[in-house]
Amino acid sequence: MSTYSQIYIQIVFAVKNRQALIANSWQEELYKYVTGIVQNKGQKMLAINGMPDHIHILIGMKPSCCLSDLVREIKKSSNSFVKEKEFSKYKFEWQEGFGAFSYSHSSLDNVIGYIKNQKEHHKKRSFKEEYIDFLEKFQIEFKDEYLFEWIE
C-alpha cells in the first residue's frame, strides 16, 4: 500500500429539534457505541463528547472513507441503539445534516481539549453560537434557513 495521509475531521451534529435528550446516565454508553462504529469503519476515534442536544466527534480519517456515509451510519445505528436500549422516553433521532471541520496535526491537542471540555464551553455559549462561530471561523458560507432547526 502506498497511500499516506493525515486527515483530521471534527464532526458536529444535533439531536432533532435540538432537544436535550442525551442524558448523563447513558451518554458514555452512546459515546462508546459511536466509537465502535467509527473503528469498525476503519477510522480512528480521537475524541468524542457533547451536550444533551449535540455531539462532537474528532476522527483521523482515511482517504478511502466517505464522510457522508460514515456520518449516516453513525446516526442510523446510534438512533437504533438508543431506541433498543430504551434510553429515552421521548422519540430520539438525530437532525439532518452535520458540520465537518478539518484540522492540522498541530491543532489536535487544542481540538481534543475543546471537545473534552464541552460542558465548560456551554456554560458561556449556546450550541447555536458555537456552531455559527465554527462556520464563520472556517469561512463557510451558510444561510440561516439551512442551519439546524433551533429551539430558542
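All figures in this text were calculated on a predicted structure; none of them were measured in a lab.

Conventions adopted
Residues numbered from 1 in each chain as written. Predicted model: local features only at pLDDT ≥ 70, side-chain atom pairs only at ≥ 80, totals over all residues. Heavy atoms only, no water. Pairing = 2+ DSSP bridges. Helix = DSSP H or I, 4+ residues; strand = E, 2+ residues; numbered from the N terminus. Axes fitted to C-alpha atoms, helices over the stretch in contact; angles between N-to-C directions. Contact = heavy atoms within 4.5 Å. Parallel < 35°, antiparallel > 145°, perpendicular 65-115°, else oblique. Left-handed = near helix turned anticlockwise from the far one by under 90°. Core = buried A, V, L, I, M, F, W, Y, C linked by side-chain atoms within 4.5 Å. Buried < 20%, exposed > 50% of the residue type's maximum accessible area, 1.4 Å probe, protein only. Disulfide = S-S within 2.5 Å. Expected span 1.5 Å × (residues − 1).

(A) Looking closely at the sheet that holds strand S4 (residues 99–103). In space, the four strands of this open sheet follow the order S2-S3-S1-S4, with antiparallel pairing throughout. Two strands close off the open sheet at either side, each with one partner strand: strand S2 (44–51) and S4. Strand-to-strand twist of the sheet, defined as the mean angle between neighbouring strand axes without regard to direction, takes the value 15°. Relative to the sheet, helix H2 (residues 67–85) contacts strand S1 (8–14), strand S3 (54–60) and S4, its axis offset from that of S1 by approximately 45°.

(B) Seen up close, the packing of helix H1 (residues 24–40) against H2. Axis separation between H1 and H2 bottoms out at 10 Å; the angle between their running directions is 140°. Between H1 and H2, the crossing angle belongs to the class labelled oblique. Taken as a pair, H1 and H2 cross one another with a handedness that is right-handed. Counted together, Trp 26, Glu 29, Leu 30, Tyr 33, Val 34, Ile 37 and Val 38 of H1 and Leu 70, Glu 73, Ile 74, Ser 77, Ser 78, Phe 81, Val 82 and Lys 85 of H2 form the full contact between these two elements.

(C) View of the nonpolar core. Judged by nonpolar contacts, the single largest core of 28 residues is most densely connected at Ile 57 and Ile 59. Elements that contribute at least two residues to this core include exactly S1, H1, S2, S3 and H2. Beyond its immediate stretch of four places on either side in the chain, Ile 57 contacts Ile 9, Gln 10, Ile 11, Phe 13, Val 34, Met 45, Ala 47, Ile 48, Ile 74 and Ile 115. Listed in part, the 18 residues of the second largest apolar core include Ala 47, Ile 112, Ile 115 and Phe 127.

(D) Spatial organisation of the state of the cysteines. Scanning the model with the defined rule gives zero disulfides in all. Here Cys 65 stays unpaired: no disulfide links it, and the sulfur of Cys 66, its closest cysteine neighbor, is 6.8 Å away. Residue classification places Cys 65 among the buried residues on the basis of a relative accessible area of 14%.

(E) Representation of H1. The first and last C-alpha atoms of H1 sit 25 Å apart over 17 residues, in line with the 24 Å expected at 1.5 Å per residue. Listed in full, the buried residues belonging to H1 are Trp 26, Gln 27, Leu 30, Tyr 31, Val 34, Thr 35, Ile 37 and Val 38. In the core, the buried residues of H1 are packed alongside S2, S3, H2 and helix H4 (118–124). Count one or two residues on from H1 and you reach Gly 42, which has phi positive near 80°.

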